[in-house]
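Breakdown of the fold
Here's the letter readout for the chains.
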Amino acid sequence: MLKIGLAALTLITASQSFAQLQNDACVAIESAGTGQWWQGEAAIMGTEIRVELWHENEILACDAIADVMAEMRRIDAAMSPYIKSSLLSQLNSKGAKEFVPVGDELFGLINRSQGYSILTGGAFDVTYASAGRYYDYREGKKPDSDTLREAVEAINYRHLELDHRNHAIRFHHDHVYVDLGGIAKGHAVDQSIKILRGLGIEQAMVSAGGDSRIIGDRLGEPWVVGVKDPRRANAQVVVLPLMDASVSTSGDYERFFEQDGVRYHHIIDPKSGDSARSVSSVTIVGAETTATDALSTSVFVMGVDKGIELIDHLIGIDAIVVDGSGHVHMSEGLMPLAEPKMAGVL
């Protein structure tokens, strides 16, 4: 069994390595009963997209994988703040001046994001990018104190006014900037799963970086997902058997740089405009990836105590949190699994 490393998760399957797949849009990876397991990967939405599914027909399987990749590109074209023609870029460009029509899908996702902002007391906030856009993790640059102070004033989900009748949005602060990095990939995964189910596929996995959704089983057994250790390469802190589930991980090791002994990473605390630092990674397990994506970011910002308390009050959602000292904390629903395994690996 080979371990396929994702941005934040490890899906343990009998798949080929990423290096072998780089030039293949759709490859057969394993025979199973009367059919075959097929896999495809592509770089979209700034991350690695991976699809794995079972089907007895090569053409239909590869067409299904191509449909998922097309859906990922469609959503990226509408919701990326880095594509000038996207609906989100148009909102960021014009939103401080007027209501900007953004279409049903983007409006719905921003409206849902507002709900998570209320649920988490502002820990989840798509306006975090008002400050987050001034960090350059590749170049190791952060905003100066004056720039950060002004940017933080623009971070507040209440600065967004939503016109539900016309599906338009405007800003109530001149320097608001919206980024859906904490929820758009989860949404894209959910939409992709809808496509696969519409094609009659009942066993599959779709992942976009740290966000994955699984339908059905794999070879009659659960899919096995490992949660990456944030400080040890090629190690997992927890391994979970999953069927018909979504799992999202947010970690401080995905995009970061260190300066004067301080780690600056892409998960921004909306209150400070600086990186949230009380934990190293958060993994959320639930039924829908849009929810697990948003909640993994939220709990990361909230920290262990408040974050776990929130998750324990949500039905069908569980959390695994690795704090800054490397200790693993779990929500109540996962504690029975953890009790026999004091070493931290299930």
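Located above this text is the structure these notes cover.
By convention here, each chain's residues receive numbers from 1 onward along its written sequence. Per-residue local features are limited, in this predicted model, to residues with pLDDT of at least 70; the limit for side-chain atom pairs, both in listing and counting, is 80 or more; totals at the level of whole chains, interfaces and linings are taken over all residues. With hydrogens and water excluded, all non-hydrogen atoms of the structure serve as input to the side-chain values.

A separate point is the overall build of the chain. Looking only at helices and strands, one finds ten helices and 18 strands in the chain. Type-normalised accessible area, obtained with a 1.4 Å probe on protein chains alone, sets the label of each residue: buried when under 20%, exposed when over 50%, and partly exposed for intermediate values. The buried share among the 346 residues of the chain stands at 56%. Residue contacts are defined here by distance: any two heavy atoms, one from each residue, within 4.5 Å place the two residues in contact. For the chain, the proportion of contacts with a sequence separation of at least 24, taken over those separated by at least 6, is 59%. Here a strand is any run of E in DSSP of at least two residues, a helix any run of H or I of at least four, and the numbering for each starts at the N terminus.

Two strands are counted as paired when DSSP detects at least two bridges linking them. Across the sheet, nine strands lie side by side as E3-E4-E5-E9-E10-E13-E16-E17-E18; this open sheet has antiparallel pairing. The two strands at the open ends of the sheet, each matched to only one other strand, are strand E3 (27-32) and strand E18 (328-330). Neighbour-to-neighbour, the strand axes of this sheet turn through a mean angle of 15°, independent of strand direction. Alignment of strand E10 (residues 211-215) against strand E13 (residues 245-251), held across four bridges, turns out to be antiparallel. When the sheet's bridge partners are listed, Arg213 is paired in E13 with Ser246. In this description, a line fitted to the C-alpha atoms serves as the axis of each element, helices being fitted only across the stretch in contact, and the angle between N-to-C directions of two axes falls anywhere from 0 to 180 degrees. Against the sheet, helix H7 (residues 184-198) contacts strand E5 (47-55), strand E9 (204-208), E10 and E13, and its axis sits at roughly 20° relative to E10.

A word on the sheet that holds strand E8 (residues 168-171). Spatial ordering of the open sheet is given by E6-E8-E7, a layout of three strands whose pairing is antiparallel. What marks the edges here is a single partner per strand, and that holds for strand E6 (100-101) and strand E7 (160-163). As paired strands, E7 and E8 are joined by four bridges and run antiparallel to one another. Of the residues in E8, the one forming a bridge with Asp163 is Ala168. Most of the contacts of helix H4 (residues 103-119) go to E7, to which it runs at about 130°, and overall it touches E6, E7 and E8.

On to the pattern of salt bridges. The term salt bridge refers to a side-chain nitrogen of Lys or Arg lying within 4 Å of a carboxyl oxygen of Asp or Glu. Applying the stated criterion across every chain yields a total of 15 salt bridges. Arg50 is paired through a salt bridge with Glu48; the nearest N and O atoms lie 2.4 Å apart. The exposure class assigned to Arg50 is buried, which follows from its relative accessible area of 1%. The residue Glu52 makes a salt bridge to Arg218 at a minimum N-O spacing of 2.6 Å. Note that Glu52 is positioned in strand E5 and Arg218 in the loop between E10 and strand E11 (223-228), a separation of 166 residues in sequence. Taken individually, Glu52 and Arg218 each receive the classification buried, so the pair is uniform in this respect. Look at the salt bridges and you will find they share partners, linking Arg231, Asp252, Glu258 and Arg263 into a network.

Take it as geometry only, folks, not as evidence of what the structure does.
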